[in-house]
Amino acid sequence: MKKFSMLAMFSVAAAFSFNAQAADRVGDFTLIDNTGKAHQLSKYAYSKALVIISQATGCTANQENIARYKQLRTNWDHRGVTFVMLNSDNKDDRAGIRAEEAIWNYDFPILDDETQLVAESLGITHAGQVVVVDPVRMNVLYRGPLPAQPANAPLGQALTAIVADGADSRQMETVTVESEAAAGCALTFPARDAALAKVPDYETEIAPILIERCVGCHVEGGIGPFAMNSHMMIQGWSPMIREVIMTGRMPPMQIDPTIREFTNSGNLPVEERQKLVHWINAGSPR
Ligand code: HEC
């Protein structure tokens, strides 16, 4: 009896410490890179880790570290780690990213986070930050600068842990190392800040987007698998709605607008995607 209660106490303690230390999770996303290629987080499931280097044009911390980024990749890619860059700077566009690449030759795919929603979900605040994600469990394991001594610094420790045989990121925690933004590397998030100050309004801002973009199919008897006919229905489907927006699955017919404009493409404007996701992040309030 005594033994039993001791065991029960242990398992309660274990459950608590597990929750307290659980790593930050991210949702799936799809972004297009500087060459026009699409990258979906879940499609990197063959990698043990995805290292995401936040990048911005004119960011000195990026420009001065190119050789070290490449060295880090050389040290880890043969151990199952994949590397990409992520441009979430709202003053940059695809042409600007390509021009920066032509000058500096980063030689990493540079994903264009034009809505900044991926940076927000990863907890990125400035370019030059490095984030390590387990693409299977979608847990963030490291968020911080590229340290001077990669092997024994927190970044190297996070990579060593996740590439180990039998590693399970559900039993790891997110290590966040704070650092100042170098010149040209600070990111601002005006859409997120506006949504934090005032959550987008369901009736005047959210419902009109859904009516224009989705309800044509998501209606009683329509080809969409559920009808967007009440706030409760939309609130219930919100996690899925956020996922299909972040992965570009809905509306159907998403076409890279830098290749060619199609009048019948299903692309949602940047502001509409931001509004929908910020509203869902706030709990899809009425
Ligand atoms: C042209 C018709 C059409 C439009 C427009 C459309 N959908 Fe869909 N939607 C579908 C169909 C068909 C499915 C089921 C097949 C699939 O998942 O691809 C679906 C599935 C979904 C699902 C379920 C996901 C899943 O895995 O099955 C969600 C959530 C969704 N749509 C949200 C939206 C949102 C949000 C919009 C507007 C921004 C939208 N859809 C616009 C046709 C449409």
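Residues numbered from 1 in each chain as written. Predicted model: local features only at pLDDT ≥ 70, side-chain atom pairs only at ≥ 80, totals over all residues. Heavy atoms only, no water.

### Describing the pairing of strand S7 (residues 139-144)
Next up, step 1: Counting buried positions over the 6 residues of S7 gives 6, a clear majority of the element.
Next up, step 2: One ladder, built from 5 bridges, connects strand S6 (residues 130-134) with S7; its direction is antiparallel. The partner of Val133 across the bridge, within S7, is Val140.
Next up, step 3: Between S6 and S7, which follow one another and run antiparallel, lie 4 residues, and Met138 among them has a positive phi close to 60 degrees. (Buried < 20%, exposed > 50% of the residue type's maximum accessible area, 1.4 Å probe, protein only. Helix = DSSP H or I, 4+ residues; strand = E, 2+ residues; numbered from the N terminus. Pairing = 2+ DSSP bridges.)

### With respect to the coordination of the iron atom of the ligand
Next up, step 1: The coordination sphere of the iron atom of the ligand, as far as protein atoms go, consists of His218 (NE2) and Met250 (SD), spread over 2.0 to 2.3 Å.
Next up, step 2: With 6 donor atoms in place around the iron atom of the ligand and angles of 85 to 180 degrees between them, the coordination shape is octahedral. Taken together, the residues span a long stretch of sequence, with His218 in the loop between helix H8 (202-213) and helix H9 (231-236) and Met250 in the loop between helix H10 (238-246) and helix H11 (270-281) at a distance of 32 residues. (Donors = N, O, S within 2.8 Å, 3.2 Å for Na, K, Ca; no water. Tetrahedral: all angles 85-135°; square planar, octahedral: opposite > 155°, others 65-115°.)

### Re the packing of aromatic side chains
Next up, step 1: Under the criterion given, the structure shown has 4 aromatic pairs.
Next up, step 2: Where Tyr44 meets Tyr46, the ring centres are 6.1 Å apart and the plane angle is 40 degrees; that geometry is what we call tilted.
Next up, step 3: Judged by its relative accessible area of 63%, Tyr46 is exposed.
Next up, step 4: A ring pair is formed by Tyr202 and Trp279, whose centres lie 5.6 Å apart and whose planes are at 20 degrees; its orientation type is stacked. Of this pair, Tyr202 sits in helix H8 while Trp279 is found in helix H11, placing the two residues 77 residues apart along the sequence. There is no split in this pair, since Tyr202 and Trp279 are both buried.
Next up, step 5: For Arg73, the ring lying beneath its charged end belongs to Phe108, and the centroid distance is 4.0 Å. (Phe/Tyr/Trp six-rings, centres within 6.5 Å; stacked < 30°, edge-to-face > 60°. Lys NZ or Arg CZ within 6 Å of the ring centre and 35° of its normal.)

### Focus: the confidence of the model for the chain
Next up, step 1: Here the chain averages 89 in pLDDT, while 87% of its residues score no lower than 70.
Next up, step 2: Note that pLDDT drops below 50 for residues 1-20; the model gives that stretch 2 contacts with residues more than four away or on any other chain. (pLDDT = per-residue confidence, 0-100. Contact = heavy atoms within 4.5 Å.)

### A few points about the site of the ligand
Next up, step 1: In the neighbourhood of the ligand, 18 residues make up the surrounding shell, with Cys214, Cys217, His218, Arg249 and Met250 lying closest.
Next up, step 2: A distance of 2.7 Å separates a nitrogen atom of the ligand from a polar atom in the side chain of His218.
Next up, step 3: Contact between the ligand and Arg249: an oxygen atom at 2.9 Å from a side-chain N or O atom of the residue.
Next up, step 4: Its residues assigned to classes, the shell around the ligand comprises 14 nonpolar, 2 polar and 2 charged. (Near = heavy atom within 4 Å. Polar contact = N/O pair within 3.5 Å; in protein donor to acceptor, adjacent residues only side chain to side chain. Nonpolar A, V, L, I, M, F, W, Y, C, P; charged D, E, K, R; others polar.)

### Structural notes on the state of the cysteines
Next up, step 1: Applying the stated criterion to the full structure yields 1 disulfide.
Next up, step 2: Linked covalently through their sulfurs, Cys59 and Cys185 form a disulfide whose S-S length is 2.1 Å. Judged by the sign of its S-S torsion, about 95 degrees, the bond between Cys59 and Cys185 is right-handed. Taken together, the residues Cys59 in the loop between strand S3 (49-55) and helix H2 (60-63) and Cys185 in the loop between strand S8 (175-176) and helix H7 (190-197) connect sequence positions 126 residues apart.
Next up, step 3: A relative accessible area of 0% places Cys59 in the buried class. (Disulfide = S-S within 2.5 Å.)

### Concerning the pairing of S3
Regular strands show a simple pattern: their side chains alternate between the two faces of the sheet.
Next up, step 1: In terms of residue burial, S3 counts as a mostly covered element, since 7 of its 7 residues are buried.
Next up, step 2: Residues of S3 alternate between two faces, with Ala49, Val51, Ile53 and Gln55 on one and Leu50, Ile52 and Ser54 on the opposite face, all of them buried.
Next up, step 3: For S3 and strand S4 (residues 81-87), the ladder comprises 7 bridges, and the chain directions are parallel. Across the sheet, the residue bridging to Ala49 is Val81, located in S4.

### Quick look at the nonpolar core
Next up, step 1: Formed by 38 residues in total, the largest nonpolar core has its most connected members in Ile52, Leu86 and Leu122.
Next up, step 2: Put simply, the parts of the chain that give this core at least two residues each are S3, S4, helix H5 (117-122), S6, H8, H10 and H11.
Next up, step 3: Residues lining this core come from more than one domain, with at least three contributed by each of domain 1 (22-176) and domain 2 (190-281).
Next up, step 4: Ignoring any residue separated from it by four or fewer positions in sequence, one finds Ile52 in contact with Phe29, Val84, Leu86, Leu122, Gln129, Val130, Val131 and Val133.
Next up, step 5: Judged by nonpolar contacts, the second largest core, of 26 residues, contains Met85, Phe108, Val132 and Leu159. (Core = buried A, V, L, I, M, F, W, Y, C linked by side-chain atoms within 4.5 Å. Domains from an automatic or database assignment.)

### With respect to a nonpolar patch on the surface
Next up, step 1: A cluster of nonpolar side chains, contributed by Met233, Trp237 and Met240, occupies part of the molecular surface with about 240 Å² of accessible area.
Next up, step 2: With respect to the element layout, Met240 can be found in helix H10. (Patch = residues over 30% accessible without salt bridge, like charges linked within 9 Å, V, L, I, M, F, W, Y side chains within 5 Å. Areas by Shrake-Rupley, 256 points an atom, 1.4 Å probe, with all protein chains shown as cover. Salt bridge = Lys/Arg side-chain N within 4 Å of Asp/Glu carboxyl O.)

### Looking at unusual backbone geometry
Next up, step 1: Notably, Gln116 is not glycine yet its phi reads approximately 65 degrees, a positive angle.
Next up, step 2: Along the chain, Gln116 falls in the loop between strand S5 (110-112) and H5.
Next up, step 3: Positive phi, close to 60 degrees, is recorded for Met138, a residue that is not glycine.
Next up, step 4: For Met138, a relative accessible area of 10% puts it in the buried group.

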